[in-house]
Amino acid sequence: MTRTLGTQLRHLIELLDSAVERSYENLDPSYRPRYTPVMRVLMQDGVATISEIAQSAGISQPAVTQTVARMTEADLVSVTPSETDARQRIVQLTKKGKRLAPRLTQCWEATALAARSLEADMQVPLGRVLEDAIQALEKQSYDERIATARKALGIQK
């Protein structure tokens with residue numbers, strides 16, 4: 001059976017994320033790969049709002065909100081209301097998050113080296129393939145492509 005694009009992508013993410021998650025186990029058993037974009041923003045900026053994290057990390061605001069909630073439970077970040085806008089919440093690293101930051105940086109360096117090793121074994125670098133796919137989908141969404149395909153096949157709604 002031929003694997004579909006969705007199945008291939010899920011399997012690739014599973015292979016990558018499970019290995020990265022295992023590499024974090026020695027640092028902190030509560031740390032998850034999905035925390036990394038938030039940690040990177042906070043390590044760079046010190047403090048940020050949910051929307052600033054979403055924009056800087058390139059992920060959706062609901063995803064950041066969910067991730068920050070989990071990171072708060074793990075005592076990696078704290079969230080306080082903004083003094084100037086009650087609708088905004090300010091996120092910053094806790095003492096535990098700050099202590100973890102230098103070790104995470106080392107882990108990310110090892111992960112980047114492993115990624116370069118993976119790409120060296122490929123005919124086309126994975127990062128380039130993914131960036132090309134993202135750009136193509138930004139020009140024409142997958143929803144639009146599915147609708148066009150349905151029309152070409154004569155499939156009714």
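Values in this document were obtained by computation on a predicted structure and should not be read as measured data. (Residues numbered from 1 in each chain as written. Predicted model: local features only at pLDDT ≥ 70, side-chain atom pairs only at ≥ 80, totals over all residues. Heavy atoms only, no water.)

Colleague: I'm lost on the overall build of the protein chain in this one. Help?
Modeller: From N to C terminus, the protein chain includes 7 helices and 3 strands. Start at the N end of the protein chain and walk to the C end: the helices and strands fall as α-α-β-α-α-β-β-α-α-α. Against the 2.2 N^0.38 benchmark of 15 Å for 157 residues, the protein chain shows a C-alpha radius of gyration of 19 Å, more extended than a compact globule. Across the protein chain, contacts joining residues at least 24 apart in sequence account for 48% of those joining residues at least 6 apart. On the protein chain, roughly 11,400 Å² of surface is accessible, and the fraction owed to carbon and sulfur atoms is 54%. Once the 21 positive and 19 negative side-chain charges of the protein chain are each reduced to a mean point, those two points are 3 Å apart. (Helix = DSSP H or I, 4+ residues; strand = E, 2+ residues; numbered from the N terminus. Rg over C-alpha atoms; globule rule 2.2 N^0.38 Å. Contact = heavy atoms within 4.5 Å. Areas by Shrake-Rupley, 256 points an atom, 1.4 Å probe, with all protein chains shown as cover. Lys, Arg positive; Asp, Glu negative; His and termini not counted. Charge placed at Lys NZ, Arg CZ, Asp CG, Glu CD.)

Colleague: What exactly am I supposed to notice about the packing of helix α3 (residues 50-57) against helix α4 (residues 61-73) here?
Modeller: Packed helix pairs are specified by the crossing angle of their axes together with the interaxial distance, meaning the distance between the axes. Interhelical geometry of α3 versus α4 gives an angle of 115 degrees and a closest axis separation of 9 Å. Here α3 is positioned roughly perpendicular relative to α4, judged by the angle of their axes. Crossing hand, α3 versus α4: right-handed. Within the contact between the two elements, α3 uses I50, S51, I53 and A54 and α4 uses Q61, V64, T65 and V68. For the contact of α3 with α4, the per-class residue count stands at 5 nonpolar, 3 polar and no charged. (Axes fitted to C-alpha atoms, helices over the stretch in contact; angles between N-to-C directions. Parallel < 35°, antiparallel > 145°, perpendicular 65-115°, else oblique. Left-handed = near helix turned anticlockwise from the far one by under 90°. Nonpolar A, V, L, I, M, F, W, Y, C, P; charged D, E, K, R; others polar.)

Colleague: Mind showing me how you'd approach the nonpolar core here?
Modeller: If you look at the biggest cluster of nonpolar residues, it comprises 24 residues, and the most contacted ones within it are Y31, M39, L42 and I53. Going through the elements one at a time, α1 (5-24), α2 (36-45), α3, α4, β3 (89-93) and α5 (95-120) are the ones with two or more residues in this core. Excluding its chain neighbours within four sequence positions, the residues that come into contact with Y31 are Y24, T36, M39, L76, L100, L104 and W108. (Core = buried A, V, L, I, M, F, W, Y, C linked by side-chain atoms within 4.5 Å. Buried < 20%, exposed > 50% of the residue type's maximum accessible area, 1.4 Å probe, protein only.)

Colleague: How do you make sense of the confidence of the model for the protein chain when you look at a structure like this?
Modeller: In regions of low pLDDT, the predicted coordinates are not meant to be interpreted in detail. Confidence in the prediction for the protein chain averages 93 pLDDT; 100% of positions are at 70 or higher. Within the protein chain, the lowest mean pLDDT, 91, falls on α1, and the highest, 97, falls on α4. (pLDDT = per-residue confidence, 0-100.)

Colleague: Is there a simple way to explain the pairing of β3 in this structure?
Modeller: In terms of strand pairing, strand β1 (residues 47-49) meets β3 through 3 bridges, oriented antiparallel. Across the sheet, T49 pairs through a bridge with I90, a residue of β3. One ladder, built from 5 bridges, connects strand β2 (residues 77-81) with β3; its direction is antiparallel. Residue pairing across strands places S78 opposite Q92, the latter belonging to β3. (Pairing = 2+ DSSP bridges.)

Colleague: Just checking my understanding: could you explain the pattern of salt bridges for this structure?
Modeller: When the charged atoms of two side chains lie near each other, side chains of opposite charge can form a pair. Tallying each qualifying case throughout the model produces 3 salt bridges. For K96, the salt bridge goes to D28, with nearest N and O atoms at 3.2 Å. With K96 in helix α5 and D28 in the loop between α1 and α2, this pair connects stretches of sequence that are 68 residues apart. Overall, D28 belongs to the buried group, its relative accessible area being 9%. (Salt bridge = Lys/Arg side-chain N within 4 Å of Asp/Glu carboxyl O.)

Colleague: What is the right way to read the side chain of T36 from this model?
Modeller: Turning to its location among the elements, T36 is positioned in helix α2. A polar atom in the side chain of T36 sits 3.0 Å from the side chain of Y31. Once residues within four sequence positions are removed from consideration, T36 is found in contact with Y24, Y31 and W108. (Polar contact = N/O pair within 3.5 Å; in protein donor to acceptor, adjacent residues only side chain to side chain.)

Colleague: Is there a simple way to think about a nonpolar patch on the surface in this case?
Modeller: Taken together, the side chains of L5, L9, L130, L137, Y142 and I146 define a hydrophobic patch exposed on the protein surface, amounting to about 540 Å² of accessible area. Broken down by secondary-structure element, the contributors of at least two residues to the nonpolar patch are α1, α6 (126-139) and α7 (142-153). Relative to the elements of secondary structure, I146 occurs in helix α7. The partly exposed category is assigned to I146, whose relative accessible area is 41%. (Patch = residues over 30% accessible without salt bridge, like charges linked within 9 Å, V, L, I, M, F, W, Y side chains within 5 Å.)

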